[in-house]
Amino acid sequence: MERTEISEIGGEFALIDRIAAATNTTLPETIKGIGDDAAVIDSGEFYTVISTDMLLEGVHFDLSYVPLKHLGYKAVAVNVSDIAAMNAVPKQITVSIALSNRIPVEAIDELYDGIRSACEAYSIDLVGGDTTNSRSGLVISVTAIGTVAKDRVTYRSGAKPNDVLCVTGSLGAAYLGLQVLEREKQVFLADPNMQPQLDKHEYVVGKQLKPEARTDIIYDFIEGGIVPTSMIDISDGLASEVLHLCKASGVGIRVFEENVPVENPAMLTATEFNLNPITVALNGGEDYELLMTISQEDFEKVKNLSEITPIGFVTEEKGAFLVLNSGQLTPIKAQGWEHFDAESK
Ligand code: ADP
Ligand code: MG
């Protein structure tokens, strides 16, 4: 038997491409299968969109500094974010958990407090799930379901030359929040009498622990009669998502360094950690903001929305580039977590 390491074929995204290439859909109702933020199913009057994400203890979260209530909230928010990325409104979720025997009932109550609080915040219902044993740690898998009018569904693949590239909110804070939490954990491990110093970093830590899905923007778009030409949510970092839009749409993208929104508290934390804020915005991830392309025609309407910043444009010529403040072009590469962590430390 041949044995190929996942890293040899190019990592997680290449693996998903490989699964997708070998998988056919057969039903006329299956409008979009593997390859976007959510699958799209024809439900007659409208489309239903479905997305799943899994969070693993030790990989995606560390229970030594993540409160369970926040974890529950975040598990829902990151799934709702994928629904929003299709320009859809979230409706229901199912939640599956795998538990080790060191988790008490009170901890599960806390986790579900967070889950229910997110359900309230996003006006969705928890309608089911599954519960099982885990030998390693806590696993949470959430599936989110949403709906969208057929003429409003937005894929990664619709970007056209001259569209304006826009992003919601600001970037980089969630990754910096994680750096703060990791640092304080190390300080605590070295001397358990030390109390964590988080007050100065409330903003970035808040963005890490309690990210929000941008469903507010989806309602703004419905109200304003705006349909982005393409959209994706920023889970892995601006660089990775720009490349996804380029690949799916068969276009190129230019991003202006000076326009990438980074809030002051994130700037300050980046400086403290000796990190370039733009590098963090490009490669940090977990911001769960929406990245989209808007036609010139719709851009007039988007200009009135304060939460949306234009950061670049779409080109017919393929290739993704960052336009530096000096005017120089540098290719955008997806570094992802591991590479970035290795390089930045
Ligand atoms: P996101 O970061 O938006 O959650 P992913 O990169 O996880 O997106 O997934 C991209 C696409 O690949 C989605 O359509 C997702 O449903 C699909 N996908 C991911 N993993 C698998 C898998 N193991 N089997 C089938 N489809 C998968
Ligand atoms: Mg996504």
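Every residue gets a number counted from 1 within its own chain, in the order that chain's sequence is written. Lettering for chains starts from A, numbering for ligands starts from 1, and both go in the order in which the items are written. Local features in this predicted model are restricted to residues of pLDDT 70 or higher, and side-chain atom pairs are both shown and tallied only at a pLDDT of 80 or more, whereas totals for entire chains, interfaces and linings draw on every residue. With hydrogens and water excluded, all non-hydrogen atoms of the structure serve as input to the side-chain values.

**Thoughts on the sheet that holds strand E1 (residues 30–32)**
Convention followed: Strand pairing is assigned whenever DSSP detects at least two bridges linking the two strands. Going along the chain from the N terminus, every DSSP run of H or I of four or more residues is numbered as a helix, and every run of E of two or more is numbered as a strand. Only the contacting stretch of a helix is used when fitting its axis, a line to C-alpha atoms as for every element, and angles between N-to-C directions run 0 to 180 degrees.
Pairing is mixed across the open sheet formed by six strands, whose spatial order is E1-E2-E3-E6-E4-E5. Where the open sheet ends on each side, the last strands, each with one partner, are E1 and strand E5 (125–133). On average, adjacent strands in this sheet sit at an angle of 20° to one another, irrespective of strand direction. Note that strand E2 (residues 39–42) and strand E3 (residues 47–56) share four bridges and pair antiparallel.

**With respect to the packing of helix H4 (residues 173–190) against helix H5 (residues 202–209)**
We apply this condition: What sets the label is the angle itself: under 35 degrees gives roughly parallel, over 145 gives roughly antiparallel, 65 to 115 gives roughly perpendicular, and the rest give oblique. Throughout, a contact is declared for two residues whenever any of their heavy atoms are within 4.5 Å.
Their axes nearest at 7 Å, the elements H4 and H5 cross at an angle of 105°. Comparing their axes, H5 and H4 come out roughly perpendicular. Facing Ala173, Ala174, Tyr175, Leu176, Gly177, Leu178, Val180 and Leu181 of H4, the residues of H5 in contact are Tyr203, Val204, Val205, Lys207, Gln208 and Leu209.

**Considerations on the pattern of salt bridges**
Going by this rule: A pairing counts as a salt bridge when a side-chain nitrogen of Lys or Arg comes within 4 Å of a carboxyl oxygen of Asp or Glu.
Throughout the structure, instances matching the rule amount to 17 salt bridges. As a salt-bridge pair, Asp17 and Lys247 come within 2.8 Å of each other at their nearest N and O atoms. Here Asp17 is found in helix H1 (residues 12–21), whereas its partner Lys247 is found in helix H7 (residues 238–249), with 230 residues between them in sequence.

**Focus: the confidence of the model for the protein**
Under the convention used in this document: For every residue, the predictor reports its confidence as pLDDT, a number between 0 and 100.
Taken residue by residue, the protein gives an average pLDDT of 94. The fraction at 70 or more is 97%. Low pLDDT (under 50) marks residues 337–345, which in the prediction has 15 contacts with non-local residues, meaning those over four places away or in another chain.

**Details of the site of ligand 1**
Formally: Near residues are defined by distance, with any heavy atom within 4 Å of the molecule or strand qualifying the residue. Whenever two N or O atoms come within 3.5 Å, that pair is a polar contact, provided that in protein one can donate a hydrogen and the other can accept it, and provided that, for residues adjacent in sequence, both atoms are side-chain atoms. Accessible surface is estimated by sampling points in the Shrake-Rupley manner with a 1.4 Å probe; for residues, cover comes only from the protein chains shown. In the scheme used here, Gly and all other residues not listed as nonpolar or charged are polar, with Ala, Val, Leu, Ile, Met, Phe, Trp, Tyr, Cys and Pro taken as nonpolar and Asp, Glu, Lys and Arg as charged.
Within the structure, ligand 1 sits among Phe13, Ile16, Ile19, Ile34, Gly35, Asp36, Asp37, Asp53, Asp82, Arg156, Asp233 and Ser235. In the environment of ligand 1, an oxygen atom lies 2.9 Å from a nitrogen or oxygen atom belonging to the side chain of Asp82. For ligand 1, whose unbound accessible area comes to 560 Å², protein coverage reaches 63%. Of all the elements, H1 adds the most residues to the shell around ligand 1, at three residues. Residues that form the shell around ligand 1 fall into these classes: four nonpolar, two polar and six charged.

**As for the side chain of Asp287**
Our working rule: The classification of residues rests on relative accessible area computed with a 1.4 Å probe and restricted to protein chains. Under 20% of the type maximum is buried, over 50% is exposed, and intermediate values are partly exposed. Asp and Glu count as negative and Lys and Arg as positive, but His and the ends of the chain are not part of the count.
Its place among the elements puts Asp287 in the loop between helix H9 (277–283) and strand E10 (290–294). Look at Asp287: it is buried, it has no salt bridge, and the nearest opposite charge is Lys207 at 7.4 Å. For Asp287, the residues in contact, after removing those within four places along its chain, are Ser170, Leu171, Gly172, Ala173, Ala174 and Ile234.

**Topic: the nonpolar core**
Worth spelling out the cut-off: By convention a nonpolar core is built from buried Ala, Val, Leu, Ile, Met, Phe, Trp, Tyr and Cys residues, the set being connected through side-chain atoms within 4.5 Å. All the domain ranges listed were derived from an automatic or database domain assignment.
Residues Leu71, Ile93, Ile140, Leu238, Val242, Val255 and Leu291 are the most contacted members of the largest nonpolar core, which totals 78 residues. When residues of this core are assigned to their parent elements, the largest contribution, eight residues, is made by helix H2 (residues 68–84). Mapped onto the domain boundaries, this core takes at least three residues apiece from domain 1 (36–148) and domain 2 (164–344). Excluding residues that lie within four positions of it along the chain, Leu238 makes contacts with Leu171, Val255, Val260, Ala281, Leu282, Leu291 and Ile311. Membership of the second largest hydrophobic core comes to 17 residues, among which are Phe221, Met231, Leu290 and Phe299.

**Some details on the coordination of the magnesium ion (ligand 2)**
Selection rule: Excluding water, the donors of a metal are its N, O and S neighbours within 2.8 Å, or within 3.2 Å for Na, K and Ca, and that exclusion means sites may look incomplete.
At the metal site, the magnesium ion (ligand 2) is ligated by Asp37 (OD), Asp82 (OD) and Asp233 (OD), and these contacts range over 2.0 to 2.1 Å. The sequence pattern formed by the donor residues of the magnesium ion (ligand 2) is D-x44-D-x150-D. With a gap of 196 residues between them, Asp37 in the loop between E1 and E2 and Asp233 in strand E8 (residues 230–233) connect regions that are remote in the sequence. This pair shows no difference in class: Asp37 is buried, exactly as Asp233 is.

**Observations regarding the layout of surface pockets**
To be explicit about the condition: Both site types are read off a 1 Å grid over the protein atoms alone. A 1.4 Å probe that fits but cannot get out defines a cavity, while an open set with protein on both sides within 12 Å along at least five of seven lines defines a pocket; lining residues have an atom within 4 Å of a point. Grid points are joined across faces, edges and corners, and a volume is the space filled by probe spheres set on the points.
By volume, the second largest pocket is sized at about 280 Å³. Residue assignment for the lining of the second largest pocket shows that the elements contributing at least two residues are H9 and strand E13 (329–331). If you tally residues by element for the lining of the second largest pocket, the top one is H9, at four residues. Looking at the lining of the second largest pocket residue by residue, the classes come out as seven nonpolar, five polar and two charged.

**Re the pairing of E5**
Stated formally: For crossovers, right-handed means that the path from the first strand over the helix to the second runs clockwise, given strands pointing away from the viewer.
In terms of strand pairing, strand E4 (residues 89–99) meets E5 through eight bridges, oriented parallel. Its bridge partner being in E5, Ile93 is matched across the sheet by Leu126. The parallel pair E4 and E5, bridged by helix H3 (residues 105–121), forms a crossover whose chirality is right-handed.

**Some words on the domain arrangement of the protein**
To be explicit about the condition: Take the accessible area each of two parts loses on contact, using a 1.4 Å probe, and add the two losses: that sum is the buried area.
Here the protein is described as being made up of domain 1 (36–148) and domain 2 (164–344). Here domain 1 and domain 2 have C-alpha centroids that lie 22 Å from each other. Across the contact, 22 residues belong to domain 1 and 25 residues belong to domain 2. Here domain 1 and domain 2 share an interface that buries about 1900 Å² over both sides, 58% of which is from carbon and sulfur atoms. Per-residue buried area on domain 1 facing domain 2 is highest for Tyr65, Lys74 and Asn87; these three make up 32% of the total on that side.

**Quick notes on unusual backbone geometry**
Trans peptide bonds make up the majority, and among non-glycine residues the majority have a negative phi. Positioned with a positive phi, Ser123 is a non-glycine residue whose angle comes to about 50°. By the secondary structure assignment, Ser123 is in the loop between H3 and E5. One non-glycine residue with positive phi stands out, namely Tyr288, at about 55°. By the secondary structure assignment, Tyr288 is in the loop between H9 and E10. Residue Tyr288 is classed as buried on the basis of its relative accessible area, which comes to 10%.

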